[in-house]
Amino acid sequence: MPSASTKASTSRVAADTVVDTDSRLAPSSPGYRRMSFALFAAGMATFALLYSTQALLPAISADFDVTAGQASWTVSAATGALALFVLPLSALSERFGRRTLMTVSLVVAVVVGMLVPFAPSIEWLVALRAVQGAALAGLPASAMAYLAEEIRPKALVAAIGLFVAGNSIGGMSGRIVTGWVAQAWGWRAGLAAVGVMALLCAVVFRLLLPKARHFTRGSLNPRALAKTVRGHLADPLLLRLYAIGALFMTVFGAVYTVIGYRLVAAPFNLPQGVIGSIFLVYLVGTVSSAAAGRLVARTGRRGALYLAVGTTAAGLLLSLADTPAAVLVGLVLITAGFFAGHAVASSSVSRTAKTGRAQASALYQSAYYLGSSVGGTLGAVAFHAGGWAATVLLGLVAVLGVVSITLYGTRVARAELREGRRSGRRGVPAAAGQR
């Protein structure tokens, strides 16, 4: 008869065998590190290109003699086109593969990025930026679906956090590069520099990204796609996550579209290069998004969202002060809260969707970038009408929306838990779909 120690040893071996049968990437594997660097580079290129004109809006306004609201369309057109095209391009990723679609999207966006500096008018600039945004639409949703398929579930939040961290680094470095280059040689040279940086990121991405091992090719059946989308839109939890992403991005889009106009005017009167360097606060977003997994482990997803919105609101209020230090700290808090909230909400979408993950992520990205487009335009209009205080008010209204949705989700979860307990006492199992 086997001894107790032999049985324990056998149990440990069996447990290890069960764990090892999961061929998806774990944080300790070399493939995971390659994947992390590759998608980090893709995230950098995406945000650097997508928001390449944002730090240059005052210079673009002056060169083309247009208002802040008109110039803001060079950002809103890109994010709006991304929001429109992310769903159809995610459907193409089901047929041709995540890796292939991400590569093609990034290459097209880089090529358009090389043409953007030569735009002869504001209309041409907006049109090229819209094409660039449409091309970039193939990256975010496909990246989220790729991670959900190739990464072990326990590492998913951290992996998506690294991708979002790449977004923050790209957004930061793109704005800093454009700011200082534009101060020396003009805004067109600044955009050209971002194009070169994105090209280097595209090369790194293609060389490092591992081939997909768990991708299952799907069809391009429009009816099947419509059915999948309807299913996601009928899920109350997914709808709440989409709304949270849109509202967070409304705040972020409004603040960072307008901040350059505020800092270039009195009482700050900062030069273009210094304004570009303000975006160094994106490093805070890199830290907060990468740490989102640990935050969720300690506080839960809704707890992490409450912390994110509280931090964002505090930053908005602090930024009202007319001192550079207060504005800087306010931007730090806004950025930290936004990126933490975005990482939590986007990873929750990938975790919640059991089928059609690319479409679920695409719908989130559509809402997210629609929020950016609306926030950027409304933020500029509010600034023109009532100054920075009006832009902050817009942000606080969006933050209040996130709080309301999260509170509602908490009440729903508690009600489902009570119902589950009552059902358990009656001998009836709780509904499998309760979350």
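Since this is a predicted model, take the numbers as computed values, not measurements. Sequence order sets the numbering: in each chain, residues are counted from 1 along the sequence as written. Local features in this predicted model are restricted to residues of pLDDT 70 or higher, and side-chain atom pairs are both shown and tallied only at a pLDDT of 80 or more, whereas totals for entire chains, interfaces and linings draw on every residue. To get the side-chain values, take all heavy atoms of the structure and skip hydrogens and water.

Observations concerning the nonpolar core
Of all hydrophobic cores here, the largest spans 121 residues; its most connected members are Leu39, Leu147, Tyr256 and Tyr369. Secondary structure counts use DSSP, requiring at least four H or I residues in a row for a helix and at least two E residues in a row for a strand, with both numbered from the N terminus. It is helix 12 (residues 236–264) that contributes the most residues to this core, 15 residues altogether. Take the buried Ala, Val, Leu, Ile, Met, Phe, Trp, Tyr and Cys residues and link them wherever side-chain atoms come within 4.5 Å; each set so joined is a nonpolar core. For every residue, the accessible area obtained with a 1.4 Å probe (protein chains only) is divided by the maximum for its type, and the residue is called buried under 20%, exposed over 50%, and partly exposed between those limits.

Quick notes on the pattern of salt bridges
Here, a salt bridge means any side-chain nitrogen of Lys or Arg that lies within 4 Å of a carboxyl oxygen of Asp or Glu. One pass over the structure, following the stated rule, counts two salt bridges. Residue Glu149 pairs with Arg98 through a salt bridge whose shortest N-O separation is 2.3 Å. Taken together, the residues Glu149 in helix 8 (residues 140–150) and Arg98 in helix 6 (residues 98–115) connect sequence positions 51 residues apart. Glu149 gets classed as buried once you look at its relative accessible area, which sits at 14%. Judged by its relative accessible area of 2%, Arg98 is buried. In this structure, the salt-bridge partner of Arg262 is Asp322, at a minimum N-O distance of 2.8 Å.

Side note on the environment of Gly273
Looking at the element boundaries, Gly273 is found in helix 13 (residues 272–277). Linking Gly273 and Trp180, residues 93 residues apart in sequence, is a C-alpha distance of 4.1 Å. Contacts were defined at the residue level, with two residues in contact if any of their heavy atoms lie within 4.5 Å. Once residues lying within four places of it in the same chain are set aside, the contact partners of Gly273 are Gly179, Trp180 and Gln183.

Digging into helix 15 (residues 292–318)
Taking 1.5 Å of rise per residue, 27 residues should cover 39 Å, yet helix 15 covers just 24 Å from first to last C-alpha, more than 12% shy of that figure. Bend is computed residue by residue as the angle between axes fitted to the seven residues ending at the residue and the seven residues starting at it. Largest kink in helix 15: about 110°, centred on Thr299. Those residues of helix 15 that sit buried are Ala292, Val296, Gly303, Ala304, Leu305, Ala308, Val309, Thr312, Ala313, Gly315 and Leu316. Take the number of residues in a helix, subtract one, and multiply by 1.5 Å to get its expected span.

Quick look at the packing of aromatic side chains
Aromatic rings from Phe, Tyr and Trp, with only the six-membered ring used for Trp, were paired whenever their centres fell within 6.5 Å, and each pair was classed as stacked if the ring planes differed by under 30 degrees, edge-to-face if by over 60, and tilted otherwise. Applying the stated rule across the entire model yields nine aromatic pairs. Ring centres of Phe64 and Trp187 lie 5.6 Å apart, and the angle between their planes is 65°; on these two criteria the pair is classed as edge-to-face. Of this pair, Phe64 sits in helix 3 (residues 57–64) while Trp187 sits in helix 10 (residues 187–208), and the two are 123 residues apart along the sequence. As far as burial versus exposure is concerned, Phe64 and Trp187 are alike and both buried.

Here's the deal with the packing of helix 5 (residues 73–96) against helix 6
For any two helices packed against each other, one specifies the crossing angle of their axes together with the interaxial distance. At a minimum axis distance of 7 Å, the contact between helix 5 and helix 6 shows a crossing angle of 130°. In this view, helix 5 runs oblique relative to helix 6, as classed from their interaxial angle. For the pair helix 5 and helix 6, contact is made by Leu89, Ser90, Leu92, Ser93, Glu94 and Phe96 and by Arg98, Thr100 and Leu101, respectively. In this classification, the charged set is Asp, Glu, Lys and Arg, the nonpolar set is Ala, Val, Leu, Ile, Met, Phe, Trp, Tyr, Cys and Pro, and all remaining amino acids, among them Gly, are polar. Class assignment of the residues belonging to the contact of helix 5 with helix 6 gives a composition of four nonpolar, three polar and two charged. Only the contacting stretch of a helix is used when fitting its axis, a line to C-alpha atoms as for every element, and angles between N-to-C directions run 0 to 180 degrees. In what follows, roughly perpendicular refers to angles from 65 to 115 degrees, roughly parallel to angles under 35, roughly antiparallel to angles over 145, and oblique to any angle outside these ranges.

With respect to the environment of Thr312
By secondary structure assignment, the location of Thr312 is in helix 15. Owing to a relative accessible area of 1%, Thr312 belongs among the buried residues under this scheme. Note: C-alpha distance between Thr312 and Ala336 (24 residues apart in sequence) is 7.4 Å. Ignoring sequence-local partners within four residues, the contact set of Thr312 consists of Phe248, Val251, Leu333, Ile334, Gly337, Phe338 and Val399.

As far as function goes, none of this settles anything; it's purely spatial.
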